[in-house]
Amino acid sequence: MKINPEVKKALEEGRPVVALESTIISHGMPYPKNVKTALEVENVIRSHGAVPATIGIIDGEPIVGMTPEEIEEFGKRKGVLKVSRRDLPVVYAKKLWGATTVATTMIIANQAGIEVFVTGGIGGVHRGATETMDISADLQELAKTNVTVVCAGAKAILDLPLTLEYLETMGVPVLGYKTNELPAFYTSKSGLKVDYQVDNASEMANIIKAKRDNKLQGGILLTNPIPHEYEMDPKVINEAIETALKKMEKEGVKGKECTPYLLKTIVELTGGDSLESNIKLVLNNAAVGSEVAKEYAKLRK
Ligand code: PSU
Ligand code: MN
């Protein structure tokens with residue numbers, strides 16, 4: 001893999017590094033806002049004293065710490081594949097371009113020695129999964145790969161209660177940052193409880209260290225609610241989600257296309273409002289994730 005010199009140096013010196021995914025750039029947001037957001041997220045991480053490492057695959061080579069030019073290319077290039085765990089060997093062997101999901105970003109971050117990863121939302125158990133068996137590979141990855149993922153929960157396009165059940169079965173701690181309620185991405189509340197509330201970054205760092213010191217394999221999910229001022233009206237967003245789900249079924253969209261299709265349709269249905277919320281919540285996660293990475297780096301010194 002190609003590790004950016006700045007990232008490499010920070011890792012060698014035990015300074016905080018935060019991993020970022022690229023599916024959110026190539027398949028999660030429209031150009032040019034995807035690129036602008038990705039660069040802003042990196043700036044937030046830097047301003048909090050950590051080093052960002054945006055991860056993607058170029059010509060079959062994993063890149064840990066993409067340059068701004070590479071991020072721009074990921075944002076506008078057509079045909080960048082959405083790559084989850086099962087796609088990796090093919091993309092590597094055929095030397096393709098791949099945008100990494102939460103699952104593959106975790107895999108590559110772990111191989112590079114990065115332990116904290118910031119994103120918007122994770123994949124989960126889809127509604128109707130008892131029939132379709134559509135369960136994101138992100139959940140399996142959280143079960144086995146040693147990376148802490150900071151996100152704004154999972155969005156209500158998924159079945160949130162089943163997602164929590166699955167994570168429990170897989171032994172993944174689901175924590176709430178300054179909240180005991182699972183955030184629902186565009187809104188701060190889902191009506192569901194997280195396993196534990198964490199009140200600050202240093203408490204979180206202690207939990208990560210306890211998991212590692214005790215050889216408990218797997219990830220940790222830190223859910224961080226969208227700031228109140230950027231929350232969507234639950235009625236508006238839930239209606240858009242329902243409409244998008246019906247449209248998806250009618251058009252026969254399946255498999256890995258589901259999440260990108262739903263995100264895009266919800267942006268259209270909300271006149272762009274959901275995209276603005278999405279951007280704000282990622283920036284907010286970047287701030288929290290950097291603080292966690294910083295506290296964790298102190299503990300490992
Ligand atoms: N949730 C979002 N935005 C995203 C994704 C999820 O709010 O861009 C992306 C992430 O990369 C996640 C992937 O890992 O979708 C999940 O896709 P699937 O459900 O096909 O596993
Ligand atoms: Mn799926």
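Residues numbered from 1 in each chain as written. Chains lettered and ligands numbered in written order. Predicted model: local features only at pLDDT ≥ 70, side-chain atom pairs only at ≥ 80, totals over all residues. Heavy atoms only, no water.

(A) Broad picture of helix α8 (residues 137-144). All of the buried residues in α8 are Asp138, Leu139, Glu141, Leu142 and Ala143. Buried positions along α8 lie against α6 (102-112), β8 (148-151), α9 (160-169) and β11 (220-223). Regarding α8, its N-cap is Ser136, as a side-chain oxygen of that residue lies 3.0 Å from the backbone nitrogen of Asp138 further along. (Buried < 20%, exposed > 50% of the residue type's maximum accessible area, 1.4 Å probe, protein only. Helix = DSSP H or I, 4+ residues; strand = E, 2+ residues; numbered from the N terminus. Contact = heavy atoms within 4.5 Å. Polar contact = N/O pair within 3.5 Å; in protein donor to acceptor, adjacent residues only side chain to side chain.)

(B) Main features of the nonpolar core. Within the largest apolar cluster, 90 residues are counted, with the highest numbers of intra-cluster contacts made by Ile114, Ile122, Leu142, Leu221 and Leu222. By residue number, the principal contributor to this core is helix α13 (residues 273-300), which donates eleven residues. Setting aside residues no more than four positions away along its own chain, Leu142 makes contact with Met106, Ile122, Val149, Leu167, Val172, Gly218, Gly219, Ile220 and Leu221. Among the nonpolar cores identified, the runner-up in size contains eleven residues, and Ile25, Val35, Ile71 and Val80 belong to it. (Core = buried A, V, L, I, M, F, W, Y, C linked by side-chain atoms within 4.5 Å.)

(C) Region of the structure containing the site of ligand 1. Taken together, 16 residues sit near ligand 1, with Glu21, Lys82, Ser136, Asp138 and Lys155 positioned nearest. Side-chain polar atom of Glu21 to an oxygen atom of ligand 1: 2.6 Å apart, as the coordinates give it. Residue Gly121 places a main-chain N or O atom 3.2 Å away from a nitrogen atom belonging to ligand 1. Sorting the residues of the shell around ligand 1 by element identifies α2 (23-26) and α12 (258-269) as the ones contributing at least two each. (Near = heavy atom within 4 Å.)

(D) Representation of the pattern of salt bridges in the model. A full pass over the atoms with the stated rule returns 19 salt bridges. Glu115 is the partner of Arg300 in a salt bridge, and the nearest nitrogen-oxygen pair spans 2.8 Å. A residue pair is termed long-range when its members are at least 10 positions apart, and Arg300 in helix α13 and Glu115 in the loop between α6 and β7 (116-118) qualify at 185 residues. Among the residues examined, Glu115 registers a relative accessible area of 15% and is labelled buried. (Salt bridge = Lys/Arg side-chain N within 4 Å of Asp/Glu carboxyl O.)

(E) Here's a closer look at the state of the cysteines. Per the counting criterion, the structure on display carries zero disulfides. Free of any disulfide, Cys151 has its nearest cysteine sulfur in Cys258, 20 Å distant. Residue Cys258 is classed as buried on the basis of its relative accessible area, which comes to 4%. (Disulfide = S-S within 2.5 Å.)

(F) Expanded view of unusual backbone geometry. Look at the link from Tyr31 to Pro32: it is a cis peptide, with omega at 0 degrees. Considering the arrangement of structural elements, one finds Pro32 in the loop between α2 and α3 (33-47). The phi angle at Met133 is positive, at roughly 60 degrees, despite the residue not being glycine. Residue placement: Met133 occurs in the loop between α7 (129-132) and α8. Judged by its relative accessible area of 68%, Met133 falls in the exposed class. If you check the backbone angles, Phe185 has positive phi at about 70 degrees while not being a glycine. Positionally, Phe185 belongs in the loop between β9 (174-177) and β10 (196-198). Relative accessible area serves as the criterion here: at 2%, Phe185 is assigned to the buried category.

(G) Fine view of the pairing of β11. Every second residue of β11 is oriented toward a common face, with Ile220 and Leu222 on one face and Leu221 and Thr223 on the other, all of them buried. Of the strand pairs in this sheet, β8 and β11 are connected by four bridges, and their pairing is parallel. Counted as the bridge partner of Val150 is Leu222 from β11. (Pairing = 2+ DSSP bridges.)

(H) Expanded view of the packing of aromatic side chains. With the rule as written, the count across this model stands at two aromatic pairs. Between Phe74 and Trp97, the ring centres sit 5.5 Å apart and the planes meet at 40 degrees, which makes this aromatic pair tilted. Highlighted residues: Phe74 in helix α4 (residues 68-76) and Trp97 in the loop between α5 (88-93) and β6 (98-100), separated in sequence by 23 residues. By relative accessible area, Phe74 is classed as buried at 0%. A centroid spacing of 4.8 Å and a plane angle of 90 degrees characterise the contact between Phe185 and Tyr186, whose relative ring orientation is edge-to-face. Tyr186 matches Phe185 in its accessibility class, with the two residues each being buried. For the cation-ring pair, Arg77 lies above Trp97, with the distance from its terminal atom to the ring centre recorded as 3.8 Å. Cation over ring: Lys155 sits above Phe185, and NZ or CZ is 3.8 Å from the ring centre. (Phe/Tyr/Trp six-rings, centres within 6.5 Å; stacked < 30°, edge-to-face > 60°. Lys NZ or Arg CZ within 6 Å of the ring centre and 35° of its normal.)

(I) Focus on the environment of Ala297. Turning to its location among the elements, Ala297 is positioned in helix α13. The sequence separation of Ala297 and Ala10 amounts to 287 residues, and the corresponding C-alpha distance is 11 Å. Sequence-distant contacts of Ala297, defined by excluding residues within four places in its chain, comprise Gly14, Arg15 and Pro16.

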